[in-house]
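Survey of secondary and tertiary structure
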Amino acid sequence: IPDGTYESETFVDSDGIVDQPLHIRLSIRKAGEDLYFDLSRSSPPCKGPMNSVIATTRSAIYLAIKHVFPDVPMNAGIFDALHIAEPRGTFLFAEYPKPVSGCSAEVSQRIAEAVFAALVEAIPDRLFAASAGTCGNMGIGGFDPEKGQQYVMYYFTGGGYGGSAETDGLSNGCSITGISKMQPVEVLEQLFPVLFDEFSLAERSAGAGFRRGGFGVQYAIRLRRGQARASFVMDHGRYGPPGALGGRDARFNEVEITRSGELYRPPHTSKDQDIVLEAGDVIKVRTPGGGGYGDPFKREPSLVAQDVRRAYYGRDDAADEYGVVLTADDTVDVAATERRRGLKIKASGRLPRS
């Protein structure tokens, strides 16, 4: 990493109580053989459970550096070069009695994302665009009248990884801070009074890029019997995972709940609790994709056509996002593509979810 100072900013959607984003503002200074991390400009402590204990804050940075340099053995010595200033007075240095239950699964991923975003300009060949960055934590609990017992079903899901200099992002990848795989839906349906109406790839969720991001997943869970309550702590519902080096942002997390035929969307987009469910009600979740890496107009047209044939996105998306014009049989119209890519396209900034 060249000597210098590198900065980034990432966001937690909200703390689940105050509907405002929490800012993670990171500055990394590289001097000689050492890296110095400063998070002191981040948001102050919050009311909801998204405060981070210093152990999680530090661990997220260590983990992020390990992602960037996977060939370096994991031992105590590698920490000597990493100097992390304690971000006192921010939500990333939680002190009693602040609630912290969301930090290890969700905030940790935003911190790691900030490290990646800060270093991508310095060492682009080693870095990648942002991943889905959420575990998609969801719990459904209630009483099953058929089995005559209480239950709690905890469920987490994957999302898209960001594109890199070499490859497109992985689809339906696990959390970047863990290696947990989601439970088989067939097993969940046997243990709990639920039915998965859908489990599919979340088409159009990946960020466009020279190397596009991976895709998230889309699922719908129907309560079959009894009454239950649902709660969830997710993230990237306000802003989609950002692209890198000209790549586009991925699509954000979405949650919809149909109760007695009426549609309900959580006011905090990705966090809510004690949602009462009756038999027949459906929870539908669409997890984020990964951000795109590099200019989408430099992606090989044949790869864009292949994605369209696989129904990852449509012809209009190919033209708008990649400048690739396809014929009726989804082959590349070379002349039209060259004309479209020759036009000067105004880059769009990051916009929050409306």
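These remarks concern the structure in this document. (Residues numbered from 1 in each chain as written. Predicted model: local features only at pLDDT ≥ 70, side-chain atom pairs only at ≥ 80, totals over all residues. Heavy atoms only, no water.)

Structural notes on the overall build of the chain
Of the regular secondary structure elements, the chain holds 6 helices and 13 strands. Over its C-alpha trace the chain gives a radius of gyration of 21 Å, about what one expects of a compact globule, namely 20 Å for 354 residues. For the C-alpha atoms alone, the extent of the chain along its principal axes is close to 60 × 60 × 35 Å. Every one of the 354 residues in the chain was classed for burial, and the buried ones make up 49%. Long-range pairs, those at least 24 residues apart, make up 71% of the contacts in the chain between residues at least 6 apart in sequence. Roughly 16,300 Å² of accessible area belongs to the chain as shown, and the carbon and sulfur atoms make up 52% of that amount. Looking at the chain, you have 40 positive and 46 negative side-chain charges, and the mean spots of the two groups are 2 Å apart. (Helix = DSSP H or I, 4+ residues; strand = E, 2+ residues; numbered from the N terminus. Rg over C-alpha atoms; globule rule 2.2 N^0.38 Å. Buried < 20%, exposed > 50% of the residue type's maximum accessible area, 1.4 Å probe, protein only. Contact = heavy atoms within 4.5 Å. Areas by Shrake-Rupley, 256 points an atom, 1.4 Å probe, with all protein chains shown as cover. Lys, Arg positive; Asp, Glu negative; His and termini not counted. Charge placed at Lys NZ, Arg CZ, Asp CG, Glu CD.)

What about the environment of lysine 271?
Tracing the sequence through the fold places lysine 271 in strand β12 (residues 271–278). Separated by 194 residues in sequence, lysine 271 and glycine 77 place their C-alpha atoms 38 Å apart. The residues contacting lysine 271, other than those within four sequence positions of it, are Val12, Asp13, Ser14, Asp15, Gly16, Met50, Phe232, Val233, Met234, Asp235 and Pro266. At a separation of 2.8 Å, a polar atom in the side chain of lysine 271 contacts the main-chain carbonyl oxygen of methionine 234. Only 2.8 Å separates the side chain of lysine 271 from the side chain of aspartate 235, close enough to count as a polar contact. (Polar contact = N/O pair within 3.5 Å; in protein donor to acceptor, adjacent residues only side chain to side chain.)

Regarding helix α2 (residues 103–119)
Its 17 residues place the ends of α2 23 Å apart at the C-alpha level, agreeing with the 24 Å of an ideal helix rising 1.5 Å per residue. Burial within α2 is extensive, with 15 of its 17 residues counted as buried. (Expected span 1.5 Å × (residues − 1).)

Quick look at the sheet that holds strand β11 (residues 262–264)
If you walk across this open sheet you meet the 5 strands as β7-β8-β13-β10-β11, and the pairing is antiparallel. The open sheet has two edge strands with one neighbour each: β7 (194–201) and β11. When the angles between neighbouring strand axes are averaged without regard to direction, this sheet yields 15°. With 5 bridges joining them, strand β10 (residues 254–259) and strand β13 (residues 282–286) adopt antiparallel strand pairing. Considered in β13, the bridge of valine 255 is made with valine 285. (Pairing = 2+ DSSP bridges. Axes fitted to C-alpha atoms, helices over the stretch in contact; angles between N-to-C directions.)

A closer look at the packing of aromatic side chains
Throughout the structure, instances matching the rule amount to 11 aromatic pairs. Note on phenylalanine 116 and phenylalanine 128: the rings are 4.8 Å apart at their centroids and 65° apart in plane angle, and the pair reads as edge-to-face. Here phenylalanine 116, found in helix α2, pairs with phenylalanine 128, found in the loop between α2 and β5 (137–144); they are 12 residues apart in sequence, far enough to count as distant. Given a relative accessible area of 21%, phenylalanine 128 falls into the partly exposed group. A centroid spacing of 5.6 Å and a plane angle of 20° characterise the contact between tyrosine 313 and tyrosine 322, whose relative ring orientation is stacked. By relative accessible area, which is 9% here, tyrosine 313 ends up buried. Taken together through their ring pairs, the aromatic side chains of Tyr155, Phe196, Phe199 and Tyr219 make up a single cluster. If you follow arginine 211 out to its NZ or CZ, it ends over the ring of phenylalanine 210, 4.2 Å from the centre. Over the ring of tyrosine 264 we find arginine 259, and its NZ or CZ is 4.8 Å from the ring centre. (Phe/Tyr/Trp six-rings, centres within 6.5 Å; stacked < 30°, edge-to-face > 60°. Lys NZ or Arg CZ within 6 Å of the ring centre and 35° of its normal.)

Some words on the side chain of serine 164
Mapped onto the secondary structure, serine 164 falls in the loop between β6 (149–155) and α3 (185–191). For serine 164, a relative accessible area of 15% translates into the label buried. Serine 164 has contacts with Leu127, Phe128, Arg211 and Tyr293, leaving out every residue within four places of it along the chain.

Examining helix α5 (residues 315–322)
Of all the residues in α5, the buried ones are Asp317, Ala318, Ala319 and Tyr322. Each element contacted by the buried residues of α5 is listed here: α4 (301–309) and α6 (334–342).

Structural notes on the environment of glutamate 106
Within the element layout of this structure, glutamate 106 appears in helix α2. Between the C-alpha atoms of glutamate 106 and phenylalanine 79, which are 27 residues apart in sequence, the distance is 23 Å. Leave out the neighbours within four places in its chain, and glutamate 106 touches Met50, Gly133, Thr134, Cys135, Gly136, Asn137, Val233, Met234 and Asp235. For glutamate 106, the side chain forms a polar contact with the main-chain nitrogen of cysteine 135, separated by 2.9 Å.

Comments concerning the sheet that holds strand β9 (residues 227–233)
Spatially, 4 strands are ordered β6-β5-β9-β12 in an open sheet, and the strand pairing comes out antiparallel. Strands with a single pairing partner mark the edges of an open sheet, and in this sheet they are β6 and β12. Each neighbouring strand pair of the sheet contributes to a mean axis angle of 15°, computed without reference to strand direction. Sheet analysis places β5 next to β6, joined by 7 bridges and oriented antiparallel. Note that in β6 the partner of methionine 138 across the bridge is tyrosine 155.

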